[in-house]
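Notes for the structure review
Residues per chain are reported as follows:
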Amino acid sequence: MTGRHDAAPLTPALTPAWPDRAAWGTAPLLRAWQTAAIEQYFARQPRDFLAVATPGAGKTTFALSVAAELLGRRLVDRITVVAPTEHLKLQWAEAAARAGIPIDPTYAAGKGKTSTDYLGIAVTYAGVGVNPLAMRIRTERFKTLVILDEVHHAGDAMSWGEGVREAFEPATRRLALTGTPFRSDVNPIPFVTYAPGDDGIPRSVADFTYGYAHALADHVVRPVLFMAYSGEMQWRTRAGDEIAAQLGEPLTKDLTNQALRTALDPGGAWIPSVLAAADMRLSEVRRHVPDAGGLVIATDQDAARSYAKTLRQITGEAPTVVLSDEKLASKKIAAFTTSDARWMVAVRMVSEGVDVPRLAVGVYATTTSTPLFFAQAVGRFVRARARGETASIFLPSVPTLLGHASDMEVERDHVLGRRITEEDDIFAAERDLLAQAEAGAAASADELGLPFEALGSQARFDRVLYDGGEFGHAGEVHVGSEEEMDFLGIPGLLEPGQMRELLQQRQSDRARKQRAMQPDPDTVVEVTTHEQLAILRRELNGLVAAWHHRTGQAHGITHAALRKECGGPAAAVANADQLRERITRVREWAARKSS
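Just so it is clear, the model here is predicted, and its values are computed rather than measured.

**Quick look at the sheet that holds strand β16 (residues 359–365)**
Taken together, the eight strands give an open sheet; going across it, the order is β14-β15-β13-β16-β17-β10-β19-β20, and neighbouring strands pair in mixed fashion. Of all the strands in the sheet, the pair left with one neighbour each is β14 (320–322) and β20 (469–472). Here the average twist between neighbouring strands, direction ignored, is 20°. As paired strands, strand β13 (residues 293–298) and strand β15 (residues 343–346) are joined by four bridges and run parallel to one another. Bridge pairing in β15 links Leu295 to Met344.

Below you can see the structure in the form of structure tokens.
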């Protein structure tokens, strides 16, 4: 290989058992993408290297393979791993030990020396930020390889980024890893190269990229079924107004957030219904994968404890509850990983990097809805162990989350700033900062518990998102109905192609049954106006959502275009004929686009 000269084989230091969890179809030691990335790394011999690989693909194995080779060639003497959390420090140390590289996960920046038995240390980004000078001195003393795990966290706070840059600027080699290189801010990530895109805006440049779509094709990760649930929500606002709305209907951003908070309120009926459905799905999966586990990701600790109580009532088994400020959190995760317990409930502790390969069913029950967090959370479920395994994630039917689910295969970069294109746009940066400040103020108000009262919620099965398509039933689908079971009862082991065919078959079978059940034209069927309008509004909203996922056009813009073409008031107060006309028009748009 170019640049190798007479070097030894790439992975001499790895034990035969490393990695001890290889996905189906992969090589005994390294997967194809890992081998390709390692060959590229040693062909170029770069000081800085950014590897972007989808969660669950095996970034840790890749990094430790590089580390073992660099140590074997005497190009470096020491390893420093920087991770986002204390738990991940332990996980890195355990993985490195299996690869024959002893790492001290208890090292503190002010500690100075560590045992001579260790070849490296593991620290957190926060720990580096506390005392970057001490880390710099250690880095200067040895030829050091720094592994920056989930490097986008170096931009979480200005002090973290500055600390990482100061501490590791003298490093011999720096290997940056991430599964999600995009952020919602403009803080540059240390040691990452940025280059202007076609629009002139700087974007991060990865040295090697292995996206979800490639990993799925290689059977390295599982395909994901997203089970979306909507339903009726009632709440009282801070102003004292009582509001009722359908989760997922076109609403303002504030009303959508309030509807989501109402759905996730432990006192309503939405959460118990969705948890019960998720547990039924887990039972089906465990028929084929006996040790399959489930994870509920909650917004806060109070919600996590309440969800755990509900799960215990549903299953008769107390779930594992993991709270980030508990000293035993890491031990709880490790115990759950090796057990056959059904459920774990966590806040943010299992959002990123934590390896629990048996997780197969998830409930996304948090108000955090950024693309970064969503991708990290979904990454907990996609790690493949055997051919045919599929992940199932239950989530609220809100546009933001449905959009993230549809964009699973999109590869992103970190975008820095915004280009000014017109003279009247010179205040764009200030407007962005103001918007961020206002968003922060709103979040602070929520955390302070200002008056907001969830009055009640009911869950309805909405649709399944899979492989870029949407599958569901026309009309209201009640929890526990035969229509819902069509999807909850999908076998736990299916090839991606088989899954797609099964979903399409079940949808077409249900459509035929519904047509067969339609009354004779001469038969008069009593349907209340309220029921008729609700069904039509639901059908229209579903078509608008499908149009959004197909074109990227916002729901509100689509509804406005329909009103402009067809006339009439907003959908919430439109009559049946007006709704039918808009439904027909959206279908005409779809037909024209397909042709």
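On we go.
**Observations concerning the sheet that holds strand β3 (residues 103–104)**
The seven strands are arranged β3-β4-β2-β5-β6-β1-β9 in an open sheet whose pairing can be described as parallel. The sheet terminates laterally at β3 and β9 (208–210), the two strands that pair on one side only. Note that β3 and strand β4 (residues 120–124) share two bridges and pair parallel. By the bridge assignment for β4, Ile103 is matched with Gly120.

**Brief notes about helix α5 (residues 132–141)**
Residues Pro132, Ala134, Met135, Arg138 and Thr139 constitute the buried set of α5. Along the axis of α5, the buried positions cluster into a sector of 160°, meaning they face one direction only.

**Observations concerning the packing of aromatic side chains**
Per the counting criterion, the structure on display carries twelve aromatic pairs. Ring centres 5.8 Å apart and planes at 40° place the aromatic pair Trp33 and Phe62 in the tilted group. Separated by 29 residues along the polypeptide, Trp33 in helix α1 (residues 32–44) and Phe62 in helix α2 (residues 59–72) bring together distant segments of the chain. The pair Trp33 / Phe62 is uniform in exposure class, with both members buried. Between Tyr41 and Phe42 the ring centres are 5.1 Å apart and the planes differ by 75°, which places this aromatic pair in the edge-to-face class.

**Points about the packing of helix α9 (residues 270–288) against helix α10 (residues 301–315)**
With their axes 10 Å apart at the nearest point, α9 and α10 run at an angle of 50° to one another. Considered as vectors, α9 and α10 are oriented oblique to each other. In this structure, α9 crosses over α10, and the sense of that crossing is right-handed. The residues of α10 that touch α9, namely those facing Ile271, Pro272, Leu275, Ala276 and Asp279, are Tyr307, Thr310, Leu311, Ile314 and Thr315. Of the residues contributing to the contact of α9 with α10, the split by class is seven nonpolar, two polar and one charged.

So, how was this worked out
- Residues numbered from 1 in each chain as written.
- Predicted model: local features only at pLDDT ≥ 70, side-chain atom pairs only at ≥ 80, totals over all residues.
- Heavy atoms only, no water.
- Pairing = 2+ DSSP bridges.
- Helix = DSSP H or I, 4+ residues; strand = E, 2+ residues; numbered from the N terminus.
- Axes fitted to C-alpha atoms, helices over the stretch in contact; angles between N-to-C directions.
- Buried < 20%, exposed > 50% of the residue type's maximum accessible area, 1.4 Å probe, protein only.
- Arc of directions from axis to C-beta.
- Phe/Tyr/Trp six-rings, centres within 6.5 Å; stacked < 30°, edge-to-face > 60°.
- Parallel < 35°, antiparallel > 145°, perpendicular 65-115°, else oblique.
- Left-handed = near helix turned anticlockwise from the far one by under 90°.
- Contact = heavy atoms within 4.5 Å.
- Nonpolar A, V, L, I, M, F, W, Y, C, P; charged D, E, K, R; others polar.

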